[in-house]
Every structure is written in structure tokens, then in C-alpha cells.
Amino acid sequence: QETNVDFLEERFDDGAEVNLETLVEAGLIRDADKPVAILGRGDLSKKLTVKAHRFTASAEEKITAAGGTIEVIPLKVTGAKATVKKMRKEDLAKLEDQG
């Protein structure tokens, strides 16, 4: 699922928090349980806090240039098609400390 910054400009008020649930409510995505990417088409003048799984460089630039912030939601991939990446030593240590 993906949406562009021009849709964020249209559907959200200045100062709003944009997250998976509010994107569904605004009709920009269908499912809050699936990964979301924010793309950079269009202009953004509103200061928004945007939470999504992925941002293009231009989307990130436009959101921060308007005074907003981004927050990357980590992907949780499970199931037969999940791929495993080598974890950094610090991340592996944190995981082991939790267990």
C-alpha cells in the first residue's frame, strides 16, 4: 500500500498525526495491518507527524521541510516467505538480553 504527500496535504490538518489507522479513516489505504509506503509526489505545506513502514527520499524531504517528522514503523515479517537478514551485533545483543 502506498500514498503520496499530496494526498496527506489534502486529507490532514496542520499538526496532525498520520498513522496507519488515520490513513484508513482518510480513505488513503485499505488495511492498517499491511505495510505502507509514503511517496513524494506533490507538495506539502502542513506540519505532520507521519508514521509508516517506508518513505521515499523525496517524501521524507518534503515532510521535514514543512516542519514535520517521520517515524519508520519496523516491519514484522513472518511466515513461509519471510527472509532473514543478518542482524547487527548490537541488535542481536539487545534481543538476547530480552530473552
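You'll find the structure just up there.
Reading the values: the criteria
Residues numbered from 1 in each chain as written. Predicted model: local features only at pLDDT ≥ 70, side-chain atom pairs only at ≥ 80, totals over all residues. Heavy atoms only, no water. Core = buried A, V, L, I, M, F, W, Y, C linked by side-chain atoms within 4.5 Å. Buried < 20%, exposed > 50% of the residue type's maximum accessible area, 1.4 Å probe, protein only. Helix = DSSP H or I, 4+ residues; strand = E, 2+ residues; numbered from the N terminus. Contact = heavy atoms within 4.5 Å. Pairing = 2+ DSSP bridges. Salt bridge = Lys/Arg side-chain N within 4 Å of Asp/Glu carboxyl O.

**Observations concerning the nonpolar core**
And step 1. Counting 20 residues, the largest nonpolar core has Leu8, Phe12, Leu23, Ile38, Leu48 and Val50 as its most contacted members.
And step 2. Listed by contribution, the elements that provide at least two residues to this core are helix H1 (5-11), helix H2 (20-25), strand S4 (49-52) and helix H3 (57-65).
And step 3. Leaving out residues up to four positions away in the same chain, Leu8 has contacts with Thr3, Val18, Leu23, Leu28, Ile38, Leu44, Leu48 and Val50.

**A word on the sheet that holds strand S6 (residues 69-72)**
And step 1. With parallel pairing, 3 strands are arranged side by side in an open sheet as S2-S4-S6. The strands lining the two open edges of the sheet, one partner per strand, are strand S2 (17-18) and S6.
And step 2. Alignment of S4 against S6, held across 4 bridges, turns out to be parallel. Directly across from Val50, in S6, lies its bridge partner Ile70.

**A closer look at the pattern of salt bridges**
And step 1. Here the structure, examined in full by the defined rule, presents 3 salt bridges.
And step 2. Across the pair Glu17 and Lys51 runs a salt bridge, and its minimum N-O distance is 3.4 Å. Highlighted residues: Glu17 in strand S2 and Lys51 in strand S4, separated in sequence by 34 residues.
And step 3. For Glu17, a relative accessible area of 38% translates into the label partly exposed.
And step 4. Each member of the salt-bridge network shares a partner with another, and the members are Glu17, Lys51 and Glu71.

**Some words on the environment of Gly68**
And step 1. Among the structural elements, Gly68 can be located in the loop between H3 and S6.
And step 2. Separated by 18 residues in the primary sequence, Gly68 and Val50 have C-alpha atoms spaced 7.7 Å apart.
And step 3. With near-sequence residues (within four places) excluded, Gly68 lies in contact with Lys47, Leu48 and Ile63.

**Here we look at the sheet that holds strand S1 (residues 2-4)**
And step 1. In spatial order, the strands read S1-S3-S5; together these 3 strands make up an open sheet with parallel pairing. With partners counted over all chains shown, the strands left at the sheet margins are S1 and strand S5 (54-55), one partner each.

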